[in-house]
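Residue-level listing of the chains:
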Amino acid sequence: TWHLKKIPQIVRERTFSLDSPKFEAKTKLELNSVCGIECQRKLPVPSLSDLKNLLSYETVFENGTRTLTEVNVLGAALDPAGNTTTRRPSRKKRQIYGTDSRFSIYDKKFMTNFPFNTAVKISTGCSGILVSPKHVLTAAHCLHNGKDYVKGSKRLRVGLMKTKSRGNGRKRKGAKRRTSDGVPSFQWTRVKSTHIPKGWFKGVSGDIALDYDYAVLELKRPHKRKYMELGISPAIKMMPGSMIHFSGFDNDRSGQLVYRFCSISDESNDLFYQYCDAEPGSTGSGIYLRLKEPNKKKWKRKIIAVYSGHQWVDINGEQQDYNVAVRITPLKYAQICFWIHGNDENCTLG
């Protein structure tokens, strides 16, 4: 069951202008994380001043201007108790673990209906998920390498899967029809602004940068599709079968929408470690669960994490690999909800 929780408040304190970014970084879809599972568990609990710094955020606008917004955090529970689970034996393979368990969605009725229609393509080579009529949630490293914005993010676009072709199937004389069954076509929309937490930037967060690998894009024009609501990530033991689900546009299946589900192997306060089969391109996908609404018989899907991608992590001095996702904690819920609504009035419960 989804359990409602009281959400901390993110309050805007001041916003000031920064120099325009250079937009010269290269997009890197596979990251090397210095801090592994044991390291994550030993990190000190951030103080209130740390949280204010980590949750302050940069906004980049379509015209290339940039601002920094400093925030205050009210009502945050600084809980020193980390999540612990029984870890399963580690496997040393790459993004596909054993038998490839991904499903390509070919049927256009599935592709363009909920929940699959919420998956979007980001022009820098990643995926994302619709979280409001005008907002998309994705991974921060699809747009910024920790020091500068990636080249393609200056004219960032989001591709929404088309529900039907224009002209009722008619085509101009001599024109080739480029879409075929099972291959989604996209309607590309410009991005008006991008929000990235300061915790993602190198020099601010040290070992914990990966915890803040998420970003929200505001579209220039609203879409009329069904989007997926945010949820707060429960602990593994509270999930049915410890199973998570996500869909994205993996590079090795060009033009296809790829769905997968798997169980989580381990967790820290901010990250899920799992062996969901995934290739670059699906980075930034929204990971969701289907749980019951409180006091109702209805089931509801909500986004509980952002797929960050394949990571090499240090475990007892050895490099091992996982596919890692950033959990939506109450604080991150508050921040993302604040970015979507522009105030905290709609973000008191999650």
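Residues numbered from 1 in each chain as written. Predicted model: local features only at pLDDT ≥ 70, side-chain atom pairs only at ≥ 80, totals over all residues. Heavy atoms only, no water.

An unreviewed UniProt entry annotates the chain as Inactive serine protease 35 of Pardalotus punctatus. For the chain, the Sequence similarities (unreviewed entry) comment in UniProt is given as "Belongs to the peptidase S1 family." The Subcellular location (unreviewed entry) comment attached to the chain in UniProt states, word for word, "Secreted". (UniProt positions renumbered as here; feature names shortened; annotations may be inferred.)

1. Description of the environment of Asn323
Within the secondary structure, Asn323 sits in strand β18 (residues 318–327). Sequence separation between Asn323 and Glu279 is 44 residues, and the spatial gap between their C-alpha atoms is 9.6 Å. At a separation of 3.3 Å, a polar atom in the side chain of Asn323 contacts the side chain of Tyr307. (Helix = DSSP H or I, 4+ residues; strand = E, 2+ residues; numbered from the N terminus. Polar contact = N/O pair within 3.5 Å; in protein donor to acceptor, adjacent residues only side chain to side chain.)

2. Notes on the pattern of salt bridges
The final tally for this structure, using the stated rule, is 10 salt bridges. Note that Lys220 and Glu62 form a salt bridge whose closest N and O atoms lie 3.3 Å from each other. Of this pair, Lys220 sits in the loop between β11 (215–219) and β12 (229–230) while Glu62 sits in the loop between β3 (57–61) and β4 (66–74), placing them 158 residues apart in sequence. Residue Lys300 is joined to Glu293 by a salt bridge in which the shortest nitrogen-to-oxygen separation is 3.8 Å. (Salt bridge = Lys/Arg side-chain N within 4 Å of Asp/Glu carboxyl O.)

3. A closer look at the pairing of strand β8 (residues 135–138)
Residue alternation in β8 divides its side chains into two sets, His135 and Leu137 and Val136 and Thr138, and both sets are buried. Alignment of strand β7 (residues 127–130) against β8, held across two bridges, turns out to be antiparallel. Residue Ile129 lies in a different strand from β8, and its bridge partner there is Leu137. The hairpin formed by β7 and β8 contains four residues between the paired strands. (Buried < 20%, exposed > 50% of the residue type's maximum accessible area, 1.4 Å probe, protein only. Pairing = 2+ DSSP bridges.)

4. Things to note about the packing of aromatic side chains
Ring pairs (aromatic) are described by centroid distance and by the angle formed between their planes. Inspection of the entire model under this criterion finds eight aromatic pairs. Each ring, one from Phe186 and one from Phe249, has its centre 5.2 Å from the other, and the planes form 75°; the classification is edge-to-face. Of this pair, Phe186 sits in strand β10 (residues 186–197) while Phe249 sits in the loop between β13 (243–248) and β14 (257–267); the two residues are 63 residues apart in sequence, bridging distant segments of the chain. Here Phe186 matches Phe249 in class, with each residue buried. (Phe/Tyr/Trp six-rings, centres within 6.5 Å; stacked < 30°, edge-to-face > 60°.)

5. Digging into the pairing of strand β6 (residues 119–122)
Two strands pair when backbone bridges link them, and β6 and β7 are joined in this way by three bridges, in the antiparallel orientation. Note that in β7 the partner of Ala119 across the bridge is Ile129. The pairing of β6 with strand β9 (residues 157–161) spans three bridges and is antiparallel. Counterpart to Ile122 in the pairing with β9 is Val158.

6. Section: the side chain of Lys332
Along the chain, Lys332 falls in helix α4 (residues 330–341). A distance of 2.7 Å separates a polar atom in the side chain of Lys332 from the backbone oxygen of Asp211. Sequence-distant contacts of Lys332, defined by excluding residues within four places in its chain, comprise Asp211, Tyr212, Tyr214, Asp270, Val326 and Arg327. (Contact = heavy atoms within 4.5 Å.)

7. Re empty space enclosed by the protein
In the structure shown here, the tally under the stated rule is three cavities of 30 Å³ or more. Its boundaries defined by the atoms lining it, the largest cavity holds a volume of some 120 Å³. In terms of lining residues, the largest cavity is bounded by 15 residues, among which Phe61, Ser153, Lys154, Leu156 and Thr194 are the most central. Contributing elements (two or more residues each) for the lining of the largest cavity: β3 and β10. The biggest single contributor to the lining of the largest cavity is β10, with five residues. The residue inventory of the lining of the largest cavity, partitioned by class, reads seven nonpolar, three polar and five charged. (1 Å grid on protein atoms, 1.4 Å probe; cavity = no way out; pocket = protein on both sides within 12 Å on 5 of 7 lines; lining within 4 Å. Points joined across faces, edges and corners; volume = space filled by probe spheres on them. Nonpolar A, V, L, I, M, F, W, Y, C, P; charged D, E, K, R; others polar.)

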